[in-house]
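This is what each chain is made of:
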Amino acid sequence: MALQAAAALLPPTFSIHKEGKSGGASLKDSSFFGVSISDHVKADSALKTKIEFISSRKSPTTVRVQAVATTAPTSTPATFQGKKTLRKGTVIITGASSGLGLATAKSLAETGKWHIIMACRDFLKAEKAAKSVGMSKENYTIMHLDLSSLDSVRQFVDNFKRSNRPLDVLVCNAAVYQPTAREPSFTADGFELSVGTNHLGHFLLSRLLLDDMKQSDYPSKRLIIVGSITGNTNTLAGNVPPKANLGDVRGLQGGLNGLNTSSMIDGGDFDGAKAYKDSKVCNMLTMQEFHRRYHEDTGITFASLYPGCIATTGLFREHIPLFRLLFPTFQKYVTKGFVSEEEAGKRLAQVVSDPSLTKSGVYWSWNKDSASFENQLSQEASDADKARKVWEISEKLVGLS
Ligand code: NDP
Ligand code: PMR
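What you are looking at is a predicted structure, and each value in this text was computed from that prediction instead of being measured.

### Some thoughts on the pattern of salt bridges
Okay, step 1: The tally for this structure, following the rule as stated, stands at 19 salt bridges.
Okay, step 2: Its salt-bridge partner being Glu-395, residue Arg-207 comes within 2.8 Å of it at the nearest N-O pair. In this pair, Arg-207 is assigned in helix 5 (residues 193-215) and Glu-395 in helix 10 (residues 384-397), connecting sequence segments 188 residues apart. Comparing Arg-207 with Glu-395 shows no difference in burial state: the two are buried.
Okay, step 3: One salt bridge connects Lys-346 with Glu-342, and the closest N-O pair in it is separated by 3.9 Å. Taken together, the residues Lys-346 and Glu-342, both in helix 9 (residues 341-353) and four residues apart, mark about one turn of the helix.
Okay, step 4: According to the relative accessible area criterion, Lys-346 is partly exposed, its value standing at 42%.
Okay, step 5: Residue Glu-342 is classed as partly exposed on the basis of its relative accessible area of 49%.

### Here we look at the packing of helix 5 against helix 7 (residues 272-298)
Okay, step 1: Where helix 5 meets helix 7, the axes come as close as 8 Å, and the angle between the chain directions of the two elements is 15 degrees. With respect to their mutual orientation, helix 5 and helix 7 come out roughly parallel. The element helix 5 and its partner helix 7 pack so that their crossing is right-handed. Between helix 5, through Ser-194, Val-195, Asn-198, His-199, Phe-203, Ser-206, Arg-207, Leu-210 and Lys-214, and helix 7, the contact on the second element is made entirely by Gly-272, Ala-275, Tyr-276, Ser-279, Cys-282, Asn-283, Thr-286, Phe-290, Tyr-294 and Thr-298.
Okay, step 2: By residue class, the composition of the contact of helix 5 with helix 7 is eight nonpolar, nine polar and two charged.

### Some points on the nonpolar core
Okay, step 1: Judged by nonpolar contacts, the single largest core of 62 residues is most densely connected at Ile-92, Phe-156, Leu-205, Leu-209, Leu-223 and Leu-252.
Okay, step 2: Contributing elements (two or more residues each) for this core: strand 5 (114-120), helix 4 (150-162), strand 7 (169-172), helix 5, strand 8 (222-226), helix 7, helix 8 (321-335) and helix 10.
Okay, step 3: Excluding anything up to four places from it in sequence, Ile-92 contacts Ile-117, Ala-119, Phe-156, Phe-160, Leu-167, Val-169, Leu-170, Val-171 and Leu-209.
Okay, step 4: Counting 37 residues, the second largest nonpolar core, distinct from the first, contains Val-91, Ile-142, Tyr-218 and Trp-364.

### Some thoughts on the site of ligand 1
Okay, step 1: Surveying the vicinity of ligand 1 reveals 32 residues, the closest of which are Ser-97, Lys-125, Asn-173, Tyr-276 and Thr-313.
Okay, step 2: Within the side chain of Tyr-276, a nitrogen or oxygen atom sits 2.5 Å from an oxygen atom of ligand 1.
Okay, step 3: Alone, ligand 1 offers 890 Å² of accessible surface; in the complex the protein occludes 98% of this.

### A word on helix 2 (residues 99-111)
Okay, step 1: Here helix 2 spans 19 Å end to end across 13 residues, near enough to the 18 Å set by a 1.5 Å rise per residue.
Okay, step 2: Most of helix 2 sits inside the fold, with 10 of its 13 residues counted as buried.
Okay, step 3: Burial in helix 2 covers these residues: Gly-99, Leu-100, Gly-101, Leu-102, Ala-103, Thr-104, Ala-105, Ser-107, Leu-108 and Ala-109.
Okay, step 4: Buried residues belonging to helix 2 abut strand 4 (89-94), strand 5, helix 3 (123-132), strand 8 and helix 9.

### Some points on the pairing of strand 4
Okay, step 1: Summarising burial for strand 4: six of the six residues are buried, a large majority.
Okay, step 2: On strand 4, burial covers both faces: Gly-89, Val-91 and Ile-93 on one face and Thr-90, Ile-92 and Thr-94 on the other are all buried.
Okay, step 3: Judged from the six bridges that link them, strand 4 and strand 5 form a sheet pairing that is parallel. Looking at strand 5, one finds that Ile-93 is bridged to Met-118.
Okay, step 4: Note on the crossover from strand 4 through helix 2 to strand 5: the handedness is right-handed.
Okay, step 5: Relative to strand 7, strand 4 runs parallel, the two being bridged by three bridges. Bridged to Ile-93 within strand 7 is Val-171.

### Quick word on the confidence of the model for the protein chain
Okay, step 1: Scored by pLDDT, the protein chain comes out at a mean of 84, with 79% of its residues at no less than 70.
Okay, step 2: Below a pLDDT of 50 lies the segment residues 1-75, which in the model reaches 145 contacts outside its immediate sequence neighbourhood of four places, other chains included.
Okay, step 3: For this predicted complex, the interface score ipTM comes out at 0.99, alongside a pTM of 0.87.

### Regarding the packing of helix 5 against helix 10
Okay, step 1: At a minimum axis separation of 10 Å, helix 5 and helix 10 run at an interaxial angle of 85 degrees. Our classification of the angle between helix 5 and helix 10 gives roughly perpendicular. Taking contact as the criterion, the partners of His-199, Leu-200, Phe-203 and Arg-207 in helix 5 are, on helix 10, Val-390, Trp-391, Ser-394, Glu-395 and Leu-397.
Okay, step 2: Taken together, the residues of the contact of helix 5 with helix 10 break down into five nonpolar, two polar and two charged.

### Things to note about the state of the cysteines
Okay, step 1: Under the counting rule described, the total for this entry stands at zero disulfides.
Okay, step 2: Counting only cysteine sulfurs, Cys-172 is the nearest neighbor of Cys-282, a cysteine outside any disulfide, at a range of 13 Å.

### Section: the packing of aromatic side chains
Okay, step 1: Taken as a whole, this structure holds 11 aromatic pairs when the rule is applied.
Okay, step 2: Measuring from centroid to centroid gives 5.1 Å for Phe-203 and Trp-391, while their planes differ by 90 degrees, and the two rings are edge-to-face. Of this pair, Phe-203 sits in helix 5 while Trp-391 sits in helix 10, and the two are 188 residues apart along the sequence.
Okay, step 3: Phe-203 sits in the buried class, given a relative accessible area of 1%.
Okay, step 4: For Trp-391, a relative accessible area of 1% corresponds to the buried category.
Okay, step 5: A cation over an aromatic ring shows up here: Lys-332 above the ring of Phe-338, its NZ or CZ 4.7 Å from the ring centre.

The rules behind the values
- Throughout this document, residue positions are counted from 1 along each chain, in the order its sequence is written.
- A letter from A marks each chain and a number from 1 marks each ligand, given out in the order of writing.
- The model is predicted, so local features are restricted to residues of pLDDT at least 70 and side-chain atom pairs to those at 80 or more, both for listing and for counting; the totals for chains, interfaces and linings are taken over all residues.
- Hydrogens and water are ignored here; the side-chain numbers use all heavy atoms of the structure.
- For this document, the term salt bridge refers to a Lys or Arg side-chain nitrogen within 4 Å of an Asp or Glu carboxyl oxygen.
- Helix and strand assignments come from DSSP, with helices taken as H or I runs of at least 4 residues and strands as E runs of at least 2, each series counted from the N terminus.
- Only protein chains enter the accessibility calculation, which uses a 1.4 Å probe. A residue is then buried if its area is under 20% of the maximum for its type, exposed if over 50%, and partly exposed in between.
- In this description, a line fitted to the C-alpha atoms serves as the axis of each element, helices being fitted only across the stretch in contact, and the angle between N-to-C directions of two axes falls anywhere from 0 to 180 degrees.
- Angle categories: roughly parallel below 35 degrees, roughly antiparallel above 145, roughly perpendicular from 65 to 115, and oblique for all the rest.
- Should the near helix be turned anticlockwise from the far one by less than a right angle, the crossing is left-handed, and should it be turned clockwise, the crossing is right-handed.
- Residue contacts follow a heavy-atom distance rule, with two residues in contact if any of their heavy atoms lie within 4.5 Å.
- The classification used treats Ala, Val, Leu, Ile, Met, Phe, Trp, Tyr, Cys and Pro as nonpolar, Asp, Glu, Lys and Arg as charged, and all other residues, Gly among them, as polar.
- Among buried residues, the Ala, Val, Leu, Ile, Met, Phe, Trp, Tyr and Cys ones that are joined through side-chain atoms within 4.5 Å form a nonpolar core.
- Here a residue counts as near a molecule or strand whenever at least one of its heavy atoms sits within 4 Å of it.
- Polar contacts, as used here, are pairs of N or O atoms within 3.5 Å; protein pairs need one atom able to donate a hydrogen and one able to accept it. Residues neighboring in sequence count only if both atoms are side-chain atoms.
- To be clear on the numbers: accessible area is Shrake-Rupley with a 1.4 Å probe, and residue cover counts the displayed protein chains and nothing else.
- Expected span of a helix: the number of residues minus one, times 1.5 Å.
- One requirement defines pairing of two strands: DSSP has to find at least two bridges between them.
- When the strands point away from the viewer, a crossover counts as right-handed if the route from the first strand across the helix to the second turns clockwise.
- What pLDDT reports is the predictor's confidence in each residue, on a scale of 0 through 100.
- The criterion for a disulfide is a pair of cysteine sulfur atoms lying within 2.5 Å.
- Note on aromatic pairs: the rings of Phe, Tyr and Trp (six-membered ring only in Trp) are paired at centre separations within 6.5 Å, and the planes decide the class, stacked below 30 degrees, edge-to-face beyond 60, tilted for the rest.
- For a lysine, the NZ atom is tested; for an arginine, the CZ atom; a charge sits over a ring if that atom is within 6 Å of the ring centre and within 35 degrees of the ring normal.

Structure below.
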């Protein structure tokens, strides 16, 4: 098979990793198809630009809020769907500067029915990205948001509130994935970076913006948190080691700071791939906890999704080059789980605006014919007690309780 051939082509520095916690071959540390590399692979820094703010645990990030209002806020009240006077919806999409977030922004912008707030940590990159996909100026605004700094999240929220725009839909999409990291890195507030960014940053953001969504008069208000198949151990993909597992959440309880406590949610040794998958479990648990706490009273639809394997995105920028080379082909022809960025963007855009996807508490997936269906979450990702625990601890960590 082509992939075995590819594995055979690996340089001698590759070896079968036998120290996986699950006892099987581990994909920890820059692995692909069960092989691991001993060289440390550094992230591609070419994507970073002058105005990016980098967080470090020793010197918390100073984040200056940048915003460009490309159109004046619209104040025409919303009416119910079907009526011609429905105003433009406002949707915030985090991490809209590339991959799924950008494709979704493009798809929504093309309808002319949405104003997209691109909430991004790299303003210039976002501007170039919006232009590169042909989004026209009146359909978007870029606002600075670095999810790896709680200060930045708060400043983003203040800045958004000052814009006087209504908030109709919030999409928590941004994520980092560090499969090759040997040591943990940390957010400005000292949380392990993947969980700190993908979960805790979004947790604070969505909690602080909930009131704005409550106040919106838009007919279908939605809070969407992007999940993934790899956080669900009821799937083949979710069983590729290292598997997601929050354990008794003792590491989260301790603050994930890697000093007096583990940097991993379950209290174990650092593993970048596992940290990402754990963060996705937190994303899916948080969506359901939101649903339980707020859906009935607010009418807001809370949803998560697995958009398909978008094997070409920047998510894999820190993976070894060989992985990035082979992964799209592997997903296209072996698992057949591959979707293009454009198709994935259309899927997430459906969850934002399709009138048939208003059910709350749902984890959406798509079948081979690109038809949406309500998917089953793994036992852990649907554990209501764990969801409540993660919620309560997260509240403390981000300073909400
Ligand atoms: P990309 O890397 O292309 O997009 C991630 C985005 O998140 C980028 O815009 C990135 O910004 C942004 N981001 C990262 N860190 C921060 C931060 N600290 N503050 C603000 N923004 C940040 O990956 P994808 O499009 O693939 O990922 C999008 C979502 O889709 C993620 O939630 C991922 O878990 C999910 N997903 C992806 C799958 C896939 O196969 N690719 C499968 C299933 C789910 P910048 O451009 O500045 O780096
Ligand atoms: Mg996977 C149906 C099988 C399937 C699907 C849909 C995915 C999706 N993967 C599948 C199977 C396998 N993967 C198998 C059998 C292997 C072992 C050869 C495998 C390996 C693999 C690696 C090393 N897969 C990966 C990685 C990654 O580094 C990606 C990851 O886990 O990122 C967290 C990944 C992914 N596989 C997927 C998807 C969607 C990913 C990206 C993960 C995500 O965004 O959540």
